[in-house]
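# Geometric and topological summary
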Amino acid sequence: MMTATPRLLTEVDGRPATEADLRLRALDTYGHFTAMQIRDGRARGMDLHVARLDGATRELFGTGLDGERVRAALRHALEGVRDASARVYVHWRPGPDAASTADTDAEDTASTADTASTADTTDTPNTTGSRPRIGAGTGGGTTLMVTVRPPVAPDGSAKSLMSVPYQRPVPHIKHLGGFAQIHYGRLAERAGFDDALLTGPGGVVAESAVANIAFWDDGSLVWPDAPVLTGITMALLEPRLLAAGLPSVRRRVTLADLPRYRAAFLTNSHGVAPVAAIDETVFPGDAALLKTVTELYEGVEWDRI
């Protein structure tokens, strides 16, 4: 039986989130996540989402994250829901004797939350190196939080971006604590733009605050060669472009280079959106290009969770 998509549903390790669960996460922003759209109980690029979570968990916490555990947590949270926006967050759950740098209250609430959660049998302490990973040897483990909200789809409007002098730290991980992205995004909105474009020294273009960006020079699609998060939508599109007659390259792009490009578009979990302008640079646009790229993405098969 299908039910209406909740305004916000939050589960932690397969059960409704408690006050203690949420308090822990409010006090501990060291973690990572992935975001996806769900249609008919399916998601595009599910294997890529699982690989992203596993890779980031290994890098941040020194332990793997079982893909079936992720899928099971999503299925449980989505039970009865057909279409939705979903996120999976990964934190470290300290053991009772963990020497953590987190606030003492966070440790206390973690211990409370543990009484109703299942231990992650895939967590194996990493004893290599002089500095042990968080929770090493303390009986801690990864904990998953899944949120479910109503679905979101592109509205078809072209976006305007305001360039800002900022690049995400540890950009290849979809980590928490994106204060600067939110801050610059809001500054852009106050200035009449839709979002911020993150740039490095010399005006090197990286990504928008919430999406990857690609440029069209009438010969090839150019993804900025800069430190960025490779989004799932970008990862699904890139290998499909050449077969559609759209060569794709990675190349350094600066703000000074923008007038040479005819069109640009953004990609994130919501889909593909055209870019109308960046600062004072207005792109003529290419309707045929946007149609091809959008159809390529919409043609990607939805995976069973």
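First, a word on what this report is: a plain description of the structure on this page. Worth saying up front: this structure is predicted, and the values here are computed from it rather than measured.

### Topic: the overall build of the chain
Counting its secondary structure elements, the chain contains 7 helices and 16 strands. Within the chain, the proportion of its 305 residues that are buried is 50%. Residue pairs in contact within the chain that sit at least 24 positions apart in sequence constitute 74% of those at least 6 positions apart. Approximately 14,700 Å² of the chain is accessible, and the part contributed by carbon and sulfur atoms is 53%.

### Notes on the side chain of Asp 195
Position of Asp 195 among the secondary structure elements: in strand E8 (residues 195-200). Engagement of the side chain of Asp 195 in a polar contact is seen with the side chain of Ser 208, the distance being 3.2 Å. The contact partners of Asp 195, leaving out residues within four places of it in the chain, are Ser 160, Leu 161, Met 162, Gly 185, Ala 188, Ser 208, Ala 209 and Val 210.

### Focus on helix H7 (residues 287-298)
Spanning 12 residues, H7 covers 16 Å between terminal C-alpha atoms, matching the ideal 16 Å at 1.5 Å per step. Listing the buried residues of H7 in full gives Leu 289, Val 293, Leu 296 and Tyr 297. Projection of H7 onto a plane perpendicular to its axis shows the buried side chains occupying an angular sector of 95°, all on one side. Those residues of H7 that are exposed and aimed more than 90 degrees away from the buried face are Ala 287, Ala 288 and Glu 298. Where H7 is buried, its residues meet strand E4 (42-44), strand E10 (212-216), strand E11 (221-224), helix H6 (232-237), strand E13 (263-268) and strand E14 (271-278). Two or three places before Ala 288, at the start of H7, stands the capping residue Asp 286, its side-chain oxygen 3.2 Å from that residue's backbone nitrogen.

### Section: the sheet that holds strand E6 (residues 141-149)
Strands sit in the order E2-E1-E6-E5-E3-E4-E16 across an open sheet of 7 strands; the sheet is antiparallel. Pairing within the sheet leaves two strands with one partner each, and these edge strands are strand E2 (15-16) and strand E16 (302-304). When E4 meets E16, the two strands line up antiparallel, connected through 3 bridges. Bridge pairing in E16 places Ala 43 opposite Asp 303.

### Side note on the pattern of salt bridges
Applying the stated rule across the entire model yields 15 salt bridges. Glu 68 serves as the salt-bridge partner of Arg 75, at 2.4 Å between the closest nitrogen and oxygen. Among the residues examined, Arg 75 registers a relative accessible area of 39% and is labelled partly exposed. Judged by relative accessible area, Glu 68 falls into the partly exposed class, the value being 41%. Note that Glu 207 and Arg 168 form a salt bridge whose closest N and O atoms lie 3.6 Å from each other. In this pair, Glu 207 is assigned in strand E9 (residues 204-208) and Arg 168 in the loop between strand E7 (159-165) and helix H5 (179-190), connecting sequence segments 39 residues apart. Taken together, the shared-partner salt bridges in this structure form one network comprising Asp 13, Arg 69 and Arg 93.

### Re unusual backbone geometry
In this structure, Asp 40 takes a positive phi of about 55° despite not being glycine. With respect to the helices and strands, the residue Asp 40 is situated in the loop between strand E3 (32-39) and E4. Overall, Asp 40 belongs to the partly exposed group, its relative accessible area being 44%. Positive phi, normally seen in glycine, also occurs at Val 170, with a value near 45°.

### Looking at the pairing of E6
Among the 9 residues of E6, 8 are classified as buried, and the element is accordingly described as predominantly covered. Taken together, the 4 bridges between strand E1 (residues 9-12) and E6 define a ladder with antiparallel strand orientation. Following the sheet pairing, Val 12 is matched in E6 by Met 145. Relative to E6, strand E5 (residues 84-93) runs antiparallel, the two being bridged by 9 bridges. Residue pairing in the sheet places Arg 87 in a bridge with Thr 147 of E6.

### So, the packing of helix H2 (residues 46-61) against helix H3 (residues 67-77)
One way to put it is that H2 packs onto H3 with a least axis distance of 9 Å and a crossing angle of 115°. Taken as a pair, H2 and H3 cross one another with a handedness that is right-handed. Contacts from Met 46, Asp 47, Val 50 and Leu 53 in H2 reach Gly 67, Val 70, Arg 71 and Leu 74 in H3. Of the residues assigned to the contact of H2 with H3, the class counts are 5 nonpolar, 1 polar and 2 charged.

### Quick word on the side chain of Arg 15
Relative to the elements of secondary structure, Arg 15 occurs in strand E2. A distance of 2.7 Å separates a polar atom in the side chain of Arg 15 from a polar atom in the side chain of Asp 21.

Cut-offs applied
Residues numbered from 1 in each chain as written. Predicted model: local features only at pLDDT ≥ 70, side-chain atom pairs only at ≥ 80, totals over all residues. Heavy atoms only, no water. Helix = DSSP H or I, 4+ residues; strand = E, 2+ residues; numbered from the N terminus. Buried < 20%, exposed > 50% of the residue type's maximum accessible area, 1.4 Å probe, protein only. Contact = heavy atoms within 4.5 Å. Areas by Shrake-Rupley, 256 points an atom, 1.4 Å probe, with all protein chains shown as cover. Polar contact = N/O pair within 3.5 Å; in protein donor to acceptor, adjacent residues only side chain to side chain. Expected span 1.5 Å × (residues − 1). Arc of directions from axis to C-beta. Pairing = 2+ DSSP bridges. Salt bridge = Lys/Arg side-chain N within 4 Å of Asp/Glu carboxyl O. Axes fitted to C-alpha atoms, helices over the stretch in contact; angles between N-to-C directions. Left-handed = near helix turned anticlockwise from the far one by under 90°. Nonpolar A, V, L, I, M, F, W, Y, C, P; charged D, E, K, R; others polar.

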